[in-house]
Amino acid sequence: MEAVVNKNAKLPETEEGTILFNVDPIIIKHHYEVDYIHSYAQDSPFFAGLTKKKLLGSRCVCCGYKYATPRGHCMECGSKTEWFELPLRGKVHTFTTCYFGSEAFLKETPFTLILVEFDGVDTLFMSRLIGTEPDEVRVGMPVHARFLRNCKFKPTDVYFVPV
Ligand SMILES: [Zn+2]
């Protein structure tokens with residue numbers, strides 16, 4: 001029995017193109033996706049705090065310097081820090097309006113990023129401000145923290161609104 005042969009067989013062509021960034025050497029765009037198992041390690045209490053609608057900062061056990069973010073050791077004196085609860089109310093220290101962002105935030109542009117200043121705390125906390133138009137944000141504006149009800153264990157679980 002003779003084999004069936006089709007010498008004109010072809011793979012189907014697709015209409016999608018390839019974005020070429022350079023010719024010599026050839027550099028193309030290639031989608032790449034990976035699941036990444038990430039440990040928050042010593043910062044874990046901060047993310048656990050977000051699930052309880054609490055913002056945790058770090059205070060130096062030696063010099064008392066207060067950080068508005070997780071920090072294992074003091075940048076001033078090198079000593080260990082301990083957790084303390086930040087107030088949920090602060091004020092806008094500075095802000096910027098983002099008209100572009102990474103893929104996760106692109107749909108939400110333009111959005112406002114703020115650095116929040118808390119009474120008695122030595123550093124600032126970066127977050128999103130919603131509930132006001134970008135051109136209405138002012139330095140010194142009082143703001144209040146809000147938390148996502150369905151926590152994703154990400155820094156974006158907390159955001160701020162005007163008081
Ligand atoms: Zn210190």
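Just above sits the structure.
Residues numbered from 1 in each chain as written. Predicted model: local features only at pLDDT ≥ 70, side-chain atom pairs only at ≥ 80, totals over all residues. Heavy atoms only, no water.

Enquirer: Pulling in residues and values, what's your account of the overall build of the protein?
Expert: A count of helices and strands for the protein gives two helices and ten strands. Starting at the N terminus, the α and β elements of the protein follow one another as β-β-α-β-β-β-β-α-β-β-β-β. Projected onto its principal axes, the C-alpha coordinates of the protein cover approximately 90 × 40 × 40 Å. The proportion of buried residues among the 163 residues of the protein is 26%. Of the contacts made within the protein by residues no fewer than 6 positions apart, 49% connect residues no fewer than 24 positions apart. Counting every atom, the protein has about 12300 Å² of accessible surface; 54% of that belongs to carbon and sulfur. One finds the centroid of the 19 positive side-chain charges in the protein at a distance of 8 Å from the centroid of its 20 negative side-chain charges. (Helix = DSSP H or I, 4+ residues; strand = E, 2+ residues; numbered from the N terminus. Buried < 20%, exposed > 50% of the residue type's maximum accessible area, 1.4 Å probe, protein only. Contact = heavy atoms within 4.5 Å. Areas by Shrake-Rupley, 256 points an atom, 1.4 Å probe, with all protein chains shown as cover. Lys, Arg positive; Asp, Glu negative; His and termini not counted. Charge placed at Lys NZ, Arg CZ, Asp CG, Glu CD.)

Enquirer: Explain the coordination of the zinc ion to me, using residue names and the numbers behind them.
Expert: Donor atoms from the polypeptide that bind the zinc ion are Cys-60 (SG), Cys-63 (SG), Cys-74 (SG) and Cys-77 (SG), placed at 2.3 to 2.4 Å. Coordination at the zinc ion is tetrahedral, judged from the four donor atoms that bind it and the angles of 97 to 121° they form at the metal. For the zinc ion, the donor residues sit on a single chain with the sequence spacing C-x2-C-x10-C-x2-C. Pair noted here: Cys-63 is in the loop between strand S3 (56–60) and strand S4 (66–67) and Cys-74 is in the loop between S4 and strand S5 (81–85), with a separation of eleven residues, a long-range link. Taking the relative accessible area as the measure of exposure, Cys-63 reaches 43% and is therefore partly exposed. The class of Cys-74 is buried, set by a relative accessible area of 6%. (Donors = N, O, S within 2.8 Å, 3.2 Å for Na, K, Ca; no water. Tetrahedral: all angles 85-135°; square planar, octahedral: opposite > 155°, others 65-115°.)

Enquirer: Residue-level account of the side chain of Thr-132, with values.
Expert: Mapped onto the fold, Thr-132 is located in the loop between strand S8 (125–129) and strand S9 (142–147). Assessed through its relative accessible area of 17%, Thr-132 is described here as buried. Engagement of the side chain of Thr-132 in a polar contact is seen with the side chain of Glu-136, the distance being 3.5 Å. (Polar contact = N/O pair within 3.5 Å; in protein donor to acceptor, adjacent residues only side chain to side chain.)

Enquirer: Run through the sheet that holds S4, naming residues and quoting values.
Expert: Reading across the sheet, the three strands line up as S4-S3-S5 and stay open at both edges, with antiparallel pairing between neighbours. Unpaired on one side and paired on the other, S4 and S5 mark the two borders of the sheet. (Pairing = 2+ DSSP bridges.)

Enquirer: Just give me the short version of the pattern of salt bridges, but keep the residues and values in it.
Expert: In this structure the tally under the stated criterion is three salt bridges. The salt bridge partner of Glu-82 is Arg-59, with a shortest N-O separation of 3.3 Å. One end of the pair, Glu-82, is in strand S5; the other, Arg-59, is in strand S3, and 23 residues separate them in sequence. For Glu-108, the salt bridge identified is with Arg-128, shortest N-O distance 2.8 Å. Highlighted residues: Glu-108 in the loop between helix H2 (103–106) and strand S7 (111–117) and Arg-128 in strand S8, separated in sequence by 20 residues. (Salt bridge = Lys/Arg side-chain N within 4 Å of Asp/Glu carboxyl O.)

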